[in-house]
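Examining the three-dimensional arrangement
Listed here are the chains, written in short residue letters.
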Amino acid sequence: MVSGNSGFTGSMVAMVTPMNSNGQIDKTSLKKLIDYHVASGTSSIVSVGTTGECATLNQDEHVDVVLTTLELADGRIPVIAGTGANATAEAISLTRRFENTGIAGCLSVTPYYNRPSQEGLYQHYKAIADNTDLPQILYNVPSRTACDLLPSTVARLAKLENIVAIKEATGNLSRVSQIQELVNDENFILLSGDDASFLDFVQLGGKGVISVTANVAAAEMAQIYELAQKGEFVKARSLNNRLMELHHQLFVEPSPTPAKWACRKLGLIADDTLRLPMIPLTQAGQVSVNNALKLAGLL
C-alpha cells in the first residue's frame, strides 16, 4: 500500500470542465475555478472525471484539460486525473499519459455498459495498476455504469500496492463497514461519492468526499468535513442540512448540467455550455437549482 496520500482525504471537488459557447475549453474560467477552490479550502481537484464530461472529450482534449489544470494549480492544490474507460487498454493508455507529470493520482470509474463480472473488474483494475506507478482510486457508481464493484472485490484490489482508495457512490452506507471488515489495511481510504450521505459516511469512518456540490459550495463542504474531523457533528449536520436541497437538486437533471448552470449563476464560469448529448438545464430545472442555491445561502 502506498502511504502518505494526504491529497486523498477531505472535501475533494469533482470539478466541471468549463467550455465557451462553441464548445471549446474555456481556460480563463478554468483558472477562476481553480483559484476559487484553493481559496475555499478544497483539499484536491479531480479533473475530467465523470462530472468533468470525460465521455464527450476526446483523449487529447482530456489530457490537455488535466495538464492545464495541473499547470494553473501551480502546486497550490493536488490534482487527480480522471482516467476511467470501458476498455481496459484505453484506461491504461490514458493513465500512462500522466506518468511523471506531477499528477497526485488517478480516479478510475468502473467500465460502463460492458457490465463485467467481479473477476472482470478485478482483472481490469489489476491490469491498470500493473502498468503504472501512479496511485489509483477505484470509483463505483452503479447508477451510471450498470456495474457494481462489490466489497469482496474491493478487498482483493486493496491488496495491490498502488490501489489506495475507493470513491463509493452507491449511497449505501452499509458499504463502509462491509469494506472496512474485508480490507485488512488501515491505510486504504474510503471516500463518499454521494453528497447527500457523505457526512454519515464520514461519521462511520470514511475519510472524505469527492463532491459535485463542492463545485458551488466549496468552503461549506470543506467546513463540514473539518467539523466532522473535530467530532463536532451537531455543527457539521446543521451546515450540511442547509446544503441538503442543493445536494439533491444538482441532480435534478443529468449531471453535470445543473452544476454547470449553478457555476455560471454564481459567476464562477462564463458559460454553461455542454456537448451533446448533454443539453442545457430546462427552465423548470433552473427554478429548482436557483431555489436550492438560495436555501444554501449562496444567492
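These numbers come from a predicted model, not from an experiment.

With that settled, the discussion passes to the pairing of strand β1 (residues 10-14). Judged by how many residues are buried, β1 sits mostly within the fold: five of five residues are covered. Here β1 runs beside strand β8 (residues 208-211); their pairing, made up of four bridges, is parallel. Paired with Met12 across the bridge in β8 is Ile210. Strand direction decides the pairing type here: β1 and strand β2 (residues 44-47), joined by three bridges, are parallel. Paired with Ala14 across the bridge in β2 is Val46. Assessed by its sense of winding, the connection that carries the chain from β1 through helix α1 (residues 27-40) to β2 is right-handed.

Before going further, it helps to spend a moment on the UniProt feature "site: Part of a proton relay during catalysis" (unreviewed entry) in the chain. Here, the residues flagged by UniProt with the feature "site: Part of a proton relay during catalysis" (unreviewed entry) are Thr50 and Tyr113. Of the residues just listed, which span 64 residues, no C-alpha pair is farther apart than 14.4 Å, and they cluster in one region. Its place among the elements puts Thr50 in the loop between β2 and α2 (59-73). The class for Thr50 is partly exposed, based on a relative accessible area of 34%. Relative to the helices and strands, Tyr113 is located in the loop between β4 (105-109) and α4 (118-130).

Before going further, it helps to spend a moment on the side chain of Thr273. Position of Thr273 relative to the elements: it lies in the loop between α11 (257-265) and α12 (283-295). Engagement of the side chain of Thr273 in a polar contact is seen with the backbone oxygen of Asn20, the distance being 3.4 Å. Within the structure, Thr273 has its side chain in polar contact with the side chain of Asp271 (distance 2.4 Å). In this structure, Thr273 is in contact with Met19, Asn20, Ser21, Gly23 and Lys260, ignoring residues within four places of it in sequence.

With that settled, consider unusual backbone geometry. Note the cis peptide between Ser255 and Pro256, where omega equals 15°. In this structure, Pro256 sits in the loop between α10 (233-249) and α11. Omega for the bond connecting Leu276 with Pro277 falls within 30 degrees of zero, at 15°, which places this linkage in the cis form. Topologically, Pro277 is positioned in the loop between α11 and α12. Unlike most non-glycine residues, Asp74 shows phi in positive territory, near 55°. Among the secondary structure elements, Asp74 is positioned in the loop between α2 and β3 (79-82). Positive phi outside glycine occurs at Arg115, with the angle close to 55°.

Attention now goes to helix α9 (residues 218-229). Helix length check: α9, at 12 residues, gives a terminal C-alpha distance of 17 Å against a target of 16 Å (1.5 Å per residue), a fit within 8%. All of the buried residues along α9 are Ala218, Glu220, Met221, Ala222, Ile224, Tyr225, Leu227 and Ala228. Where α9 is buried, its residues contact β1, α1, α8 (198-203), β8 and α10.

A separate point is the packing of aromatic side chains. Enumeration according to the criterion identifies zero aromatic pairs in this entry. Positioned above the aromatic ring of Tyr122, the side-chain terminus of Arg156 is 3.8 Å from the ring centre.

Turning our attention to the pattern of salt bridges. Going through the model one piece at a time under the given rule, you end up with 14 salt bridges. Across the pair Asp35 and Lys31 runs a salt bridge, and its minimum N-O distance is 2.7 Å. Note that Asp35 and Lys31 are positioned in helix α1 at a spacing of four residues, about one turn of the helix. Ionic pairing is found between Glu61 and Arg275, a salt bridge with its closest N-O pair at 2.8 Å.

With that out of the way, let us pick up α10. The periodicity of an α-helix, 3.6 residues per turn, causes residues three or four places apart in sequence to face the same way. Helix length check: α10 (17 residues) gives 24 Å between terminal C-alpha atoms against 24 Å at 1.5 Å per residue, within 8%. Along α10, the sharpest kink reaches roughly 45°, centred on Leu243. Of all the positions in α10, only Ala236, Leu239, Asn240, Leu243, Leu246, His247 and Gln249 are classed as buried.

Once that is clear, we can look at the nonpolar core. In this structure, Phe98, Ile224, Leu246 and Leu250 are the most contacted members of the largest nonpolar core, which totals 55 residues. Where this core is concerned, the elements lending two or more residues are α1, α2, β3, α8, α9, α10, α11 and α12. Aside from chain neighbours lying at most four places away, what touches Leu250 is Val212, Thr213, Val216, Pro258, Ala259, Ala262 and Val289. Tyr122, Leu149, Leu160 and Leu190 belong to the second-largest nonpolar core, a separate cluster that totals 24 residues.

Bringing the UniProt feature "site: L-lysine inhibitor binding" (unreviewed entry) in the chain into the picture now. UniProt feature "site: L-lysine inhibitor binding" (unreviewed entry): in the numbering of this structure it lies at Ala55, Asn86, Glu90 and Tyr112. Of the residues just listed, which span 58 residues, no C-alpha pair is farther apart than 12.9 Å, and they cluster in one region. Here Ala55 shows up in the loop between β2 and α2. Assessed through its relative accessible area of 70%, Ala55 is described here as exposed.

How each quantity is defined
Residues take numbers from 1 onward in each chain, read along the sequence in its written order. Local features are withheld for residues below a pLDDT of 70 in this predicted model, meaning they are given only at 70 or higher, and side-chain atom pairs are given and counted only at 80 or more; totals for whole chains, interfaces and linings count all residues. Only hydrogens and water are removed before side-chain values are computed, so all heavy atoms of the structure are retained for them. Using a 1.4 Å probe on the protein chains alone, a residue whose accessible area is under 20% of its type maximum counts as buried, one over 50% counts as exposed, and one in between counts as partly exposed. Only DSSP runs of H or I reaching four residues or more are called helices, and only runs of E reaching two or more are called strands; each is numbered from the N terminus. For two strands to be treated as a pair, DSSP must find at least two bridges joining them. When the strands point away from the viewer and the connection leading from the first strand across the helix to the second strand turns clockwise, the crossover is called right-handed. UniProt positions are given in the numbering used here, feature names are shortened, and annotations may be inferred rather than shown by experiment. In protein, a polar contact means a hydrogen-donor-capable atom and an acceptor-capable atom, both N or O and within 3.5 Å, with residues adjacent in sequence counting only if both atoms are side-chain atoms; elsewhere, any N or O pair within 3.5 Å suffices. Any two residues whose heavy atoms approach within 4.5 Å are treated as being in contact. Under the convention used throughout, the expected extent of a helix is 1.5 Å for every residue step, that is, one less than its residue count. Two rings belonging to Phe, Tyr or Trp (six-membered ring only in the last case) form a pair when the distance between their centres is within 6.5 Å. Interplanar angles under 30 degrees mark stacking, angles over 60 mark edge-to-face geometry, and anything in between is tilted. We call a charge positioned over a ring when the NZ of a Lys or the CZ of an Arg lies within 6 Å of the ring centre and within 35 degrees of the ring normal. The term salt bridge refers to a pairing of a side-chain nitrogen on Lys or Arg with a carboxyl oxygen on Asp or Glu at a separation within 4 Å. Consider a residue and the seven residues that end there alongside the seven that start there; fitting an axis to each set, the bend is the angle between those axes. Remark: nonpolar core denotes a set of buried residues (Ala, Val, Leu, Ile, Met, Phe, Trp, Tyr, Cys) joined through side-chain atoms within 4.5 Å.

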